[in-house]
Amino acid sequence: MRASNIMFAVVLLTLVVSLLCIWFYPTVQDFMANNSMWNGLKHFSSSTGAKNIDALDALPALPENTALIVIPYLKISDGEMAKTKDFVENGGTLLLMDDYGYGNSLLEYLGTNIRFSTKPLLDPLFCYKNQRLPKITDFTSDVKESHVSVVTLNHATALTGVGQSQAIAWSSTTSFLDTDGNESWDQGEPKGPLTVMAESHLGKGTLVVIADPSIIINSIVGLDDNYRLVEFLISRNGEPKDIMIDRSNLPKDTIDVSKLRLQSARDAFSSPFALIGIVALIFLVVSRFTFRKGELLG
Amino acid sequence: MMMLFKGSLTGKIAAAIVCVIIIVIITASSVQAFDPHENPDVAVQVFSGISLLRYHSGSLDLLLQKLPEQMGERLGKLPFANIPDNLISVTSDFGTSSANLGHLVMEIDGGLGNMSVLMGQFRLDEAAQLAKVISDEMSKAYDNLGTIEKDIQISGDQLQVFSAPEGSDLRSAYNELADREDRIRGTLDLYMDRLVSLLKIKGTAIGSLPSSTESPSSLIANLSSLIANLSSLTENPFSLTEINLQIDPASVFVGDKVHFDGVLTSKGNPLAGRKVEILLDSSPYITAETDVNGHYSGVLQVPYWYIPKINVQALYYPRDEDIGIYLASQSAVVELEVIFYQADLTISVPSKAYPGMETVITGTFDFGQSPPPDLRKVEIYLDNGFVAEVQTQTMFKQSILLPSQISLGKHTIAVSAPASGRYSPVLASTVLNVTRAGLLLDIEKPRMVMIPGHINIKGRLHSEMGPVSGASIRLKLGKSRAEVVTSDDGTFDAKIKAGMGFSLIGSQDLSIEAFSQKPWYAPLASTRSVTMVNMVNCGGLLVCLVLLSMYLPRWLRKKLGVYRKKKVRLVTPAPLPEVLPVYSQSTTTPDSTEDNSEVRGEPRARIFYGYRLVLKLVQRVTMAFCPTQQTLREFAIEAGKKLGPAGGYFVELTRMVERLLYSKYEPTEEDAEKGRQLSKSIAEKLKNEGV
């Protein structure tokens, strides 16, 4: 065997091993459905049977029984915003979870006055361990009736522009918005109670705005009544809904991008054209190999 | 895999493409790094004593503002606070004591108000009883305040407030809380002063007033002696009064009139010209005045209170010149039985109601033994919103239009018939289940569809309410789409193109979506399976197979043959080998016309040609074929045993061929001649043996 062939074999083997590592190595990126670490959504995804989508084209034409969770940590394109708006107006339930991302551009596009303040909500007294993990205990009566009494947030923000009838949950009186980032209350900084969840009806559908996407991560979703609250918000009338989590607007680590590309490549190779091409290529190579052997044998 | 790519340009190109794809996949760049949360399991535990102390201060503020409900709600959230373990018990005590104190303050405040009224009316007996109650409440209030004070002290110690510098936030928060506690103490002291001053009766010494500098316990003790003195005052120096009351009739319809009368006396003497209050359930209702005989009388109209019994009392209390002379008196309670008509209202609604559609509410009054009214107003409410009004006697049926945007689920229908004269109000409610009618689709589709072509789909759309007209039906088959609208009877007839694809025969999903503009219909999404036969692909495949069956064997024979056509070079014409003789009728002479070009070729080709002919002959004679796992030599040795004398020649010829096959030896003309001779010898030997 020639040296070039050995080199080629080593490179090829390395690449194949790399692919296998990418495929099987667990991701640790925030909000990834296959991330079973503290910051992933694996528990929530598996317990709710949520489907992860990488493009909003996958939204159903009849979305009445579908709840879409969007965590807009990347800029949302106009096309995506239009699709999201269509989804809500046609009867879908949109759970927009954000704190410091691009949620406001989507809210503006949807034509509602609700906005994310994008400043940290801190609560030095009603919190889990420290003030960056505030606990929410004030809810509307219908939320309380669904046996939700306390919810823990994680590096949340607050909502502004919320109408009286739109608010669902408020922070405590000891909470405040840390607008200057010094982690303590200063004169002029908004004090609690501050709205952290709101609901608005758009067209035939419902928009639920939550000022913290971390409420559903693995390490938080099981605390207090977090899961029950999200479940309640998704199916307000008690009707079970298909849940979709939009991954297209989430930042991705190298391994996640690689995983997605690998998955896309697998999907692409599963298409009829690619399959025909692969079969033809294999046929060509094997035939050539066979003929060469035949020639050698005479 | 290496073997596949080895030495092959096509293979290497393919491998390079695969590698590039893999590298692109592996070397994806990171998009963004963000930290929107922290791991709560490893989060640092941080308590805020300042927040806790200020929260307590806020709670006590609500107490001072006499808002005990809000204070209780606020304190009820303390279990969710992030508090150090050593402060949990203290905080709990603080919450309980504060909540109790809040309620006691309200009770004391209200009690002092009533006490003031009673003392003003010289109702000293009642005042003495109330003073005792207030005194007990004051005692409890001071106890609770003591607990709060102690809790504040412990909290300060645990939070190391006293080691914090003066003017620090922690010190300020503690001082603010201590200040609230002082203010509450001041409030309680003020209540004590008010109570003491109320017990002081104008123009009478009832004992020395306690000093506010005394401790709460000694204040309470002194208060008890004051109350005892007040009770003794009811006999001396004031004159007792007596009052009685009769009503007639004792049982009346609501709204009817009742005659009352009675006599007011003091030590057996009538009191003339005194005002007497008639109390209904302890509230003043009407005033009468005594005549010279101390007699008072009047008529009162029974208020439209639809309750079966009203307590009636007459009250006299000294006013103007009577103050300081007479004491107040109350008559015994006289029960007035109130009669009114009651009705049971039963309402019924359909099991399902639909958005945008009318729903009928039916109600029936059951008056029992009572006479039904001529007409009665009935108001209908949907989720507390007024929607309709109807006049009825015993039964009504009213349609209400549900809003198109009404949320699905359970809603409350309340029907209220306000009170009317002798008829008491009636209220009944029921649950209205708002839902949407599910669409049902009957569809006729062909079992099998040919591609290319169209699919005719007929169907009928209906629901539990009948056929659905004007609804849109969207059909999707692969990339083909079609949309139709249902007719008046709910039927539709659609045609959708069966698009080309790569499949041959198989099933494909036909997606159907049906939705109506009418808000009471729920949209429908359904999928049916259609068997598709792709005639184009099937035909193409058939043609390919036929062509392959025709040309593939010849092509393979050429490619896998012993000689490579391109390597055959006719250098010198070679003599044609002799045609092998026919040895028997059962064996077939090798066909000399197969490929005579090889006979005339190079020595190597001629030896191989001769060997092939002999090999075929040997195989026919021995009925043995050379297996793939056996070498030519092994086969020659095995077959040679059956050939007799020809066996040796065959083995020799085989060795010659193997030498040519597996070495770089170039055969000469002599070798070719020797091969020919060996072939000929084998044939002759076999002939001699009668084969």
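Residues numbered from 1 in each chain as written. Chains lettered and ligands numbered in written order. Predicted model: local features only at pLDDT ≥ 70, side-chain atom pairs only at ≥ 80, totals over all residues. Heavy atoms only, no water.

Trainee: Sorry if this is basic, but what is going on with the overall build of chain A here?
Mentor: Helix and strand content of chain A: 9 helices and 14 strands. Sequence-distant contacts, at least 24 apart, represent 70% of the contacts inside chain A between residues at least 6 apart. Just so you have it, chain A exposes about 13000 Å², and 58% of that area is on carbon and sulfur atoms. (Helix = DSSP H or I, 4+ residues; strand = E, 2+ residues; numbered from the N terminus. Contact = heavy atoms within 4.5 Å. Areas by Shrake-Rupley, 256 points an atom, 1.4 Å probe, with all protein chains shown as cover.)

Trainee: Looking at this structure, how should I read the sheet that holds strand 15 (residues 385-392) of chain B?
Mentor: Strand pairing in a sheet relies on backbone hydrogen bonds. The paired strands run either parallel or antiparallel. Residue and element names in this part refer to chain B. Spatial strand order, 15-14-17-18: 4 strands in an open sheet with antiparallel pairing. Of all the strands in the sheet, just strand 15 and strand 18 (426-434) have a single pairing partner and so form its edges. Each adjacent strand pair in this sheet contributes to an overall mean axis angle of 20 degrees, direction not counted. The pairing of strand 14 (residues 376-382) with strand 17 (residues 409-417) spans 4 bridges and is antiparallel. Residue pairing across strands places E379 opposite S416, the latter belonging to strand 17. (Pairing = 2+ DSSP bridges. Axes fitted to C-alpha atoms, helices over the stretch in contact; angles between N-to-C directions.)

Trainee: How should I be thinking about the nonpolar core in this particular structure?
Mentor: Generally speaking, a soluble globular protein has its nonpolar side chains buried in company with each other. Residue and element names in this part refer to chain B. Formed by 56 residues in total, the largest nonpolar core has its most connected members in L53, L101, M115, I134, M138 and L188. Elements with a minimum of two residues in this core: helix 3 (49-64), helix 4 (68-75), helix 5 (85-120), helix 6 (124-158), helix 7 (169-199) and helix 8 (216-233). Sequence-distant contacts of M115, defined by excluding residues within four places in its chain, comprise A127, L130, A131, I134, L195, L198 and L199. (Core = buried A, V, L, I, M, F, W, Y, C linked by side-chain atoms within 4.5 Å. Buried < 20%, exposed > 50% of the residue type's maximum accessible area, 1.4 Å probe, protein only.)

Trainee: Is there a simple way to explain the packing of helix 4 of chain B against helix 5 of chain B in this structure?
Mentor: The relative placement of two packed helices is expressed as an angle between their axes plus a distance between the axes. Residue and element names in this part refer to chain B. With their axes 9 Å apart at the nearest point, helix 4 and helix 5 run at an angle of 175 degrees to one another. One finds that helix 4 runs roughly antiparallel with respect to helix 5. Here helix 4 contributes P68, E69, M71 and L75 to the contact with helix 5, which in turn contributes F94, G95, S98, A99, G102, H103 and M106. Its residues assigned to classes, the contact of helix 4 with helix 5 comprises 6 nonpolar, 4 polar and 1 charged. (Parallel < 35°, antiparallel > 145°, perpendicular 65-115°, else oblique. Nonpolar A, V, L, I, M, F, W, Y, C, P; charged D, E, K, R; others polar.)

Trainee: Is there a simple way to think about the sheet that holds strand 21 (residues 448-451) of chain B in this case?
Mentor: Residues and elements named next belong to chain B. In spatial order, the strands read 21-29-27-24-25; together these 5 strands make up an open sheet with mixed pairing. Only two strands of the sheet have a single neighbouring strand rather than two, namely strand 21 and strand 25 (480-485). Each strand of the sheet is rotated relative to its neighbour by a mean of 30 degrees, with strand direction disregarded. One ladder, built from 10 bridges, connects strand 27 (residues 505-515) with strand 29 (residues 524-534); its direction is antiparallel. If you follow D509 over to strand 29, its bridge partner there is S529.

Trainee: Looking at this model, I keep getting lost on the pattern of salt bridges. Mind explaining?
Mentor: Pairs can form between side chains of opposite charge whenever their charged atoms are close. Enumeration over the complete set of coordinates arrives at 29 salt bridges over all chains. The partner of K135(A) in a salt bridge is D224(A), and the shortest N-O contact between them spans 3.7 Å. With K135(A) in strand 6 (residues 135-136) and D224(A) in the loop between helix 6 (218-221) and helix 7 (226-234), this pair connects stretches of sequence that are 89 residues apart. Residue classification places K135(A) among the buried positions, given a relative accessible area of 12%. Counted as one network, the salt bridges with shared partners bring together R132(A), E183(A) and E38(B). (Salt bridge = Lys/Arg side-chain N within 4 Å of Asp/Glu carboxyl O.)

Trainee: Would you take a moment to explain the confidence of the model for chain B for this structure?
Mentor: Reading fine detail from the predicted coordinates is not recommended where pLDDT is low. All names here are of chain B. Residues with a pLDDT of 70 or more make up 84% of chain B, whose mean pLDDT is 82. Within the model, the stretch residues 202-208 combines pLDDT values under 50 with 9 contacts to residues more than four positions away or in other chains. What the predictor reports for the complex is a pTM of 0.65 with an ipTM of 0.82. (pLDDT = per-residue confidence, 0-100.)

Trainee: Would you mind going over the pairing of strand 10 (residues 167-170) of chain A with me for this structure?
Mentor: Put simply, side chains in a regular strand alternate between the two faces of the sheet. Residue and element names in this part refer to chain A. Here strand 7 (residues 138-139) runs beside strand 10; their pairing, made up of 2 bridges, is antiparallel. By the bridge assignment for strand 10, F139 is matched with A169. In this structure, strand 10 lies alongside strand 12 (residues 195-202), joined through 3 bridges in antiparallel fashion. The residue of strand 12 that forms the bridge with A169 is M197.

Trainee: How should I be thinking about the packing of helix 5 of chain B against helix 7 of chain B in this particular structure?
Mentor: All names here are of chain B. For the pair helix 5 and helix 7, the least separation of the axes is 10 Å and the interaxial angle reads 25 degrees. Our classification of the angle between helix 5 and helix 7 gives roughly parallel. In the crossing of helix 5 with helix 7, the sense of the turn from one axis to the other is left-handed. Here helix 5 contributes F94, L101, V105, I108, D109, L112, G113, M115, S116 and M119 to the contact with helix 7, which in turn contributes L177, I184, L188, Y191, R194, L195, L198 and L199. Considered class by class, the residues forming the contact of helix 5 with helix 7 number 14 nonpolar, 2 polar and 2 charged. (Left-handed = near helix turned anticlockwise from the far one by under 90°.)

Trainee: What is the right way to look at the side chain of Q121(B) in this model?
Mentor: Residues and elements named next belong to chain B. Positionally, Q121 belongs in the loop between helix 5 and helix 6. Look at Q121 and you get buried, because its relative accessible area is 14%. In contact with Q121, other than residues within four places in its own chain, are L315, Y317, P318 and A328.

Trainee: Before we go on, may I ask you to explain the pairing of strand 12 (residues 344-348) of chain B in this structure?
Mentor: Residues and elements named next belong to chain B. Burial along strand 12 is one-sided: the residues L345 and I347 are buried and none of D344, T346 and S348 is. Here strand 12 runs beside strand 13 (residues 358-366); their pairing, made up of 5 bridges, is antiparallel. Residue pairing across strands places L345 opposite F365, the latter belonging to strand 13.

Trainee: Hey, could you run me through the packing of aromatic side chains in this one?
Mentor: Two measures describe an aromatic ring pair: the distance that separates the ring centres and the angle between the ring planes. All names here are of chain B. Evaluated as defined, the whole model comprises 15 aromatic pairs over all chains. Taking 6.4 Å as the distance between ring centres and 45 degrees as the angle between the ring planes, the aromatic pair formed by F260 and Y296 counts as tilted. Highlighted residues: F260 in strand 4 (residues 257-266) and Y296 in strand 8 (residues 295-301), separated in sequence by 36 residues. Neither F260 nor Y296 differs from the other in exposure class; each is buried. On the basis of an interplanar angle of 40 degrees and a centroid distance of 6.5 Å, the ring pair of Y304 and Y306 is categorised as tilted. With relative accessibility at 19%, the residue Y306 sits in the buried group. Here the aromatic residues F253, Y341, F365, F367 and Y423 are joined through ring pairs into a cluster of three or more. (Phe/Tyr/Trp six-rings, centres within 6.5 Å; stacked < 30°, edge-to-face > 60°.)

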